[in-house]
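Descriptive analysis of the structure
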Amino acid sequence: MTAINAVTDYSLEGDVGVITLNSPPVNALSAAVRDGIADGMAKAFADPGAKAVVLICEGRTFIAGADITEFGGERKGADLLKVMQDMENAPKPVIAAIHGTALGGGLETALACHYRVAVPSARCGLPEVALGLLPGAGGTQRLPRIVGVEKALEMMTSGAHVPAPQCLAMGLVDELTEEGKLREGAIAFARKVVAEGRPLKKVRESNEKVEAARGHPEIFENFRKANARKFRGFLAPEYNIRCIEAAVNEPFEEGMKTERRLFGELMSGSQSAAQRYAFFAERQANKIPDVPDDTPQIPVGSVGIIGAGTMGGGIAMNFANAGIPVTIVEVKQDALDRGLGVIRKNYERTASRGGITAADVEKRIGLIKGSLDMNDLAPADMVIEAVFERMDIKKDIFTKLDAICKPGAILATNTSALNIDEIALVTKRPEAVIGLHFFSPANVMKLLEVVRADHTAKPVIATSMKLAKKIGKIAALVRVTPGFVGNRMLAQRQREAQKLMFEGAMPWDIDRVLYDFGFPMGPFAMSDLAGLDVGWVKETSKGETIRDVLCEMDRRGQKTGAGYYDYDENRVARPSPVTEKIIQDFVAKSGVNPRQISDEEILERCLYPMVNEGAKILEEGKAIRASDIDVIWENGYGWPVYRGGPMWWGDHVGLDKILARMMEFQAQMGDVYKPAALLETMVAQGKKFTGS
Ligand code: 3HC
């Protein structure tokens, strides 16, 4: 074994030269890794004993892409494109040996090899789109040449990590080796290539699949149309598509130039900067300053859930999906049956769309057990309460859990509003109590607000954060405050949306501005979808609010065909003259002179108070860092990721501008707009929340 550099070794194993990279955590293509590949290849090509070359990685994964931390920095080390060119033009076969994930620049490196072998558990993908980018090392030109245009469009615009067996089926991988025996398998494959005199396959020269799509622009147009909703607002998907068009219509070298140019545009743009920030923000959110990585974990082998409603059922699915057995407790048999029925239906729907197999459905359902007896939760390592939002009910449940659950069990509440400190104090073990605020639908939404109460023990926090990742959630740790972080900020936007309506803006104007900003829908469309009568009581309604009047008229949202909007039979919304009249009457009664409100003002009024509230949350220590707030808003509330979350966005709008407007609002409309002290300090010191 010869050391090539600090992260690369070379060895000759029989007649095969093996280059081994070892650059934790994910073998990203840092300058040292690029140098290592370049020098390792040069050594292998010059080694007369090596008839073929294998490129393999140590640790948890094959190369997981370019080193994102190097982006925007000084250019150092070997040029990746030159390294790849040398590999592709090598005088002897080069084989990539893949385990873990071959992603982005990692897959591009593998595509510049003549052959690729992988273990069955490996995954391959070009996920640059998620960073607001496109593959910038030939991936856009090579992938369609090997898997065809349709599959390349799908892979590059979704960023999916495709399982190795599927990669084999589409020709991206040439052979699967036995799990855990990649090195031996890759060397054996290399010998086979030599023995059979197989050609040095250069993907760049394989034009059949791209030529098949030439003269068929409809392939791209149809793809754009089919995905218009998904891609709305994002630049990167469109740029990826254009690169594939170039692969089809231009020779390889020209296509490479197009790729370079479009990659450069994205890299220097604001969207990719925001999306790269979001990538690191999500990972940063897992790091809790006073709960270090080596904090003891509580093994969670089984979970209990109280409540089989929409929330409880969705939460249960997360654990079953991760292979963790769940017991759901309900009070009445029919409610339990209904809840379990909904879970089965959800799984069957996923299976009918090809997401999971029928066997998966049964396996997951098999992990979920129903019960009417809370005593069945005695052996659970964690219990999550997901019942109606009433303090007396929750206190009663936690008193019972305290008596039933084994020592050391984590007692969690899914409350979205109630004071968890108060709930914890009814138990004799407040250190075991934590908030796990799932978002609806809990089996779909990515965000988990983990709420640390006054007495929550560190192992309980550490375990909850790790478990969140295991069940596929993105977690952020917050402290107890009304509405926690997400809903507390949402309340600002909701208040402004309502106030603007009383000043002359119509619901559809407000919704349009927020939709155009990039939210999936505005607050009024959202209310119509959720149902205006959530929390509304017919018997006591006195027509005091616009919502009261709408509900009294049976305009309760989409489900009744009308709410703020009118809906046609396809549930397409139209501005409603009825609602408009109701609003005008309210405004007239209140004596306010309605005015024309600009889109700019609507946006400022809805979003600046949120940034201000975020600052208050930080100054009160309710969130650890500004980027955690952004993680919450991007993953739980549809804040467009290409605008980086409210705090990143605020930094880029200019905190001085936001402060000035908040002061104007305060002067005009009162102290709810009072600027946060932290906002004032940041502006005075010329600082930013996200350091961007
Ligand atoms: N560059 C730099 N650091 C990276 C990295 C990368 N490409 N990928 C992961 N890391 C870091 C993470 O920041 C994290 O650091 P931390 O421990 O200090 O927080 C650490 O590696 C481990 O990452 P995860 O916590 O995400 O580990 P997982 O095991 O959950 O996931 C992974 C591993 C699937 C590889 C995931 O990290 C991932 O998806 N990484 C990004 C992959 C990617 O986007 N590649 C394309 C890069 S752009 C590119 O290649 C451009 C090219 O076309 C020119």
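Small disclaimer: the values here were computed from a predicted structure and weren't measured. (Residues numbered from 1 in each chain as written. Predicted model: local features only at pLDDT ≥ 70, side-chain atom pairs only at ≥ 80, totals over all residues. Heavy atoms only, no water.)

1. Observations concerning the pairing of strand β3 (residues 16-21)
On any regular strand, side chains alternate: one points to one face of the sheet, the next to the other face. In terms of burial, β3 is largely enclosed, as six of its six residues are buried. The alternating pattern of β3 places Val 16, Val 18 and Thr 20 on one face and Gly 17, Ile 19 and Leu 21 on the opposite face, and all of these are buried. With antiparallel pairing between neighbouring strands as the criterion, strand β2 (residues 8-13) and β3 make up a hairpin whose turn holds two residues, including Gly 14 at a positive phi of roughly 65 degrees. (Buried < 20%, exposed > 50% of the residue type's maximum accessible area, 1.4 Å probe, protein only. Helix = DSSP H or I, 4+ residues; strand = E, 2+ residues; numbered from the N terminus. Pairing = 2+ DSSP bridges.)

2. Comments concerning the site of the ligand
Arg 60, Glu 128, Arg 283, Lys 287 and Lys 469 are the nearest of the 25 residues found near the ligand. A distance of 2.7 Å is found between an oxygen atom of the ligand and a side-chain nitrogen or oxygen belonging to Arg 60. Lys 469 places a side-chain nitrogen or oxygen 2.7 Å from an oxygen atom of the ligand. Out of a free accessible area of 980 Å², the ligand has 78% covered by protein chains. Within the residue set of the shell around the ligand, elements represented by two or more residues are β6 (101-103), α3 (105-111) and α13 (270-284). (Near = heavy atom within 4 Å. Polar contact = N/O pair within 3.5 Å; in protein donor to acceptor, adjacent residues only side chain to side chain. Areas by Shrake-Rupley, 256 points an atom, 1.4 Å probe, with all protein chains shown as cover.)

3. Structural notes on the domain arrangement of the chain
Domain assignment breaks the chain into domain 1 (2-268), domain 2 (303-485), domain 3 (505-590) and domain 4 (599-621 + 625-685). The centre of domain 1, based on its C-alpha atoms, is set 51 Å off from the matching centre of domain 3. (Domains from an automatic or database assignment.)

4. Topic: the sheet that holds strand β15 (residues 410-413)
The sheet built from eight strands is open, its strands ordered β13-β12-β11-β14-β15-β16-β17-β18 with mixed pairing. With partners counted over all chains shown, the strands left at the sheet margins are β13 (368-371) and β18 (474-479), one partner each. Direction aside, the axes of adjacent strands within the sheet are offset by 25 degrees on average. The pairing of strand β11 (residues 303-306) with strand β14 (residues 382-385) spans four bridges and is classified as parallel. Each bridged residue has a counterpart across the sheet, and for Gly 304 the counterpart in β14 is Val 383. (Axes fitted to C-alpha atoms, helices over the stretch in contact; angles between N-to-C directions.)

5. Thoughts on the pattern of salt bridges
Under the definition given, this model contains 50 salt bridges. One salt bridge connects Glu 620 with Arg 488, and the closest N-O pair in it is separated by 2.9 Å. In this pair, Glu 620 sits in the loop between α25 (599-619) and α26 (626-636) while Arg 488 sits in helix α20 (residues 486-503), placing the two residues 132 residues apart along the sequence. Connected through salt bridges with shared partners, the residues Arg 495, Glu 496, Glu 503, Arg 595, Glu 601 and Arg 605 form a single ionic network. (Salt bridge = Lys/Arg side-chain N within 4 Å of Asp/Glu carboxyl O.)

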